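Take a look at the letters that make up each chain.
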Amino acid sequence: MARVESAGDGEWMVRSVSPAQARKEYTCPGCGATVAPGTAHLVIWREDWIFGEADAIEGRRHWHTACWRGRSFRRSR
Ligand SMILES: [Zn+2]
């Protein structure tokens, strides 16, 4: 199940991925490093994406849990 998180830069859908579900390698947008298979992490996509839910899910990103928690909102939109 995904949950909604309100952040300084909008509404985000956040879904936890268990180690058993993490079967592929992803690149974390927070640190640019690899999210290795078998690593518990988070899948993030925009809840308020104007192009619709399907497009938002297409654009979802895999983040290290710590990188998502520690990300900065200082970047302007
Ligand atoms: Zn990371």
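Higher on the page you've got the structure.
Residues numbered from 1 in each chain as written. Predicted model: local features only at pLDDT ≥ 70, side-chain atom pairs only at ≥ 80, totals over all residues. Heavy atoms only, no water.

J.: I would appreciate a short explanation of the environment of G32 in the present structure.
T.: Within the fold, G32 resides in the loop between β3 (26-27) and β4 (34-35). Once the C-alpha coordinates of G32 and A54 are considered, the two residues, 22 residues apart in sequence, prove to be 25 Å apart. (Helix = DSSP H or I, 4+ residues; strand = E, 2+ residues; numbered from the N terminus.)

J.: Even after reading the chapter, I still don't get the pairing of strand β2 (residues 10-17), so can you show me in this structure?
T.: Regular strands have side chains that alternate between both faces of the sheet. Of the strand pairs in this sheet, strand β1 (residues 2-7) and β2 are connected by six bridges, and their pairing is antiparallel. Pairing of E5 across the sheet is with W12, part of β2. Remark: two residues form the turn of the hairpin made by β1 and β2, two consecutive strands paired antiparallel. (Pairing = 2+ DSSP bridges.)

J.: Would you mind going over the packing of aromatic side chains with me for this structure?
T.: In this structure the tally under the stated criterion is two aromatic pairs. Relative to W68, the ring of W12 lies with its centre 5.6 Å away and its plane at 75°, an arrangement referred to as edge-to-face. Residue W12 is located in strand β2, and its partner W68 is located in helix α2 (residues 65-69); the two are separated by 56 residues in the primary sequence. Both residues of the pair, W12 and W68, count as buried. Between W63 and W68, the aromatic rings sit 5.2 Å apart at their centres with planes inclined by 75°, giving edge-to-face as the arrangement. Classification of W68 as buried rests on a relative accessible area of 4%. One aromatic cluster is present, formed by W12, W63 and W68 through successive ring pairs. Cation over ring: R46 sits above W12, and NZ or CZ is 4.4 Å from the ring centre. One Lys or Arg, R71, reaches over the ring of W68 and ends 3.8 Å from the middle of that ring. (Phe/Tyr/Trp six-rings, centres within 6.5 Å; stacked < 30°, edge-to-face > 60°. Buried < 20%, exposed > 50% of the residue type's maximum accessible area, 1.4 Å probe, protein only. Lys NZ or Arg CZ within 6 Å of the ring centre and 35° of its normal.)

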